[in-house]
Amino acid sequence: MRLTTLVLGAAIALSMATTTAAVAKTAAVAKPHLRDTPIDDGLLALGLADEIRNACPSISARMIRALGYLNGLKSQAHALGYTDAEIDAYRKSDTEKARLKKRGKAYLAANGVVVGQPETYCALGRNEIEKSSQIGSLLRVN
């Protein structure tokens, strides 16, 4: 299962468990857009890990860790006062998807990845794993 599919599909899980208190808090407190929170960077890390593992045959995903990380992002969003409806609107937004994709492409290019050259994805993946980055923590060498 592609991690981006997992991100989008698992975001359905983000639509569960909203409480009345969270709704009341949302109405009373202004909050930044989700793109301006650490959750945005977390989704970017998930997408980049997916790109790397799909392009590099010697690297695979740590799927259980990725699911746990995604659930943690959901919990963070709820802790910041976001409702399930707000989270769903964010994850379904074509504008936000395009913006994250653009950020991902820029990250890949800045780190030496060349589309169509799997070894460049492998090199980035090994580097991310070696430096124990968030992206690297979602990957493993086969």
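Undergrad: Explanation requested: the packing of aromatic side chains in the structure shown.
TA: The geometry of an aromatic ring pair comes down to the distance between the two centres and the angle between the two planes. Inspection of the entire model under this criterion finds zero aromatic pairs. Directly above the ring of Tyr-82 sits Lys-31, whose terminal nitrogen or CZ lies 5.3 Å from the centroid.

Undergrad: Hey, could you run me through the state of the cysteines in this one?
TA: In a disulfide, the sulfur atoms of two cysteines are held together by a covalent bond. In total, this model carries one disulfide according to the counting rule given. Note that Cys-56 is cross-linked by a disulfide to Cys-122, the S-S spacing being 1.9 Å. In this structure, the disulfide formed by Cys-56 and Cys-122 twists by about 110° around the S-S bond and is classed as right-handed. Residue Cys-56 is located in the loop between α3 (38-55) and β1 (59-61), and its partner Cys-122 is located in helix α7 (residues 118-130); the two are separated by 66 residues in the primary sequence. The same class applies to Cys-56 as to Cys-122, namely buried.

Undergrad: Just to check I follow, could you spell out the confidence of the model for the chain for this structure?
TA: In regions of low pLDDT, the predicted coordinates are not meant to be interpreted in detail. Of the residues in the chain, 80% have a pLDDT of 70 or more, and the chain-wide mean is 85. Note that pLDDT drops below 50 for residues 8-24; the model gives that stretch 25 contacts with residues more than four away or on any other chain.

Undergrad: Please explain the pattern of salt bridges as it appears in this structure.
TA: If charged atoms from side chains of opposite charge come close, those side chains can pair. In this structure the tally under the stated criterion is ten salt bridges. Of the charged contacts, one joins Arg-91 and Asp-88 as a salt bridge, the two residues approaching to 3.3 Å between their closest N and O atoms. Residue Arg-91 and its partner Asp-88 are located together in helix α5 (residues 84-92), separated by three residues, close to a single helical turn. Asp-88 carries the same exposure label as Arg-91, and that label is buried. Lys-131 is the salt-bridge partner of Glu-128, the closest N and O atoms lying 3.8 Å from each other. Each of Arg-35, Asp-40, Asp-41, Glu-96, Arg-99 and Arg-103 takes part in a single network of salt bridges with overlapping partners.

The rules behind each value
Throughout this description, residue numbers start from 1 for each chain and increase along the sequence as written. Given that the model is predicted, a residue must reach a pLDDT of at least 70 before its local features are reported, and side-chain atom pairs must reach 80 or more before they are shown or counted; all residues, however, enter totals for whole chains, interfaces and linings. Only hydrogens and water are set aside; all other atoms, that is, all heavy atoms of the structure, feed into the side-chain values. Ring geometry is summarised as follows: Phe, Tyr and Trp rings, the Trp one being its six-membered ring, pair when their centres sit within 6.5 Å, and such pairs are stacked at plane angles under 30 degrees, edge-to-face over 60 and tilted between the two. Charge-over-ring placement is defined geometrically: NZ (Lys) or CZ (Arg) within 6 Å of the ring centre, and within 35 degrees of the ring normal. The rule for a disulfide is simple: a pair of cysteine sulfur atoms within 2.5 Å. Numbering of helices and strands starts at the N terminus; helices are DSSP runs of H or I of at least 4 residues and strands are runs of E of at least 2. The cut-offs for exposure are 20% and 50% of the maximum accessible area for each residue type, with area from a 1.4 Å probe on protein chains only; residues under the lower value are buried, those over the upper are exposed, and the others partly exposed. What pLDDT reports is the predictor's confidence in each residue, on a scale of 0 through 100. Residues count as neighbours in contact if any of their non-hydrogen atoms are within 4.5 Å of one another. Throughout this description, the term salt bridge denotes a Lys or Arg side-chain nitrogen within 4 Å of a carboxyl oxygen of Asp or Glu.

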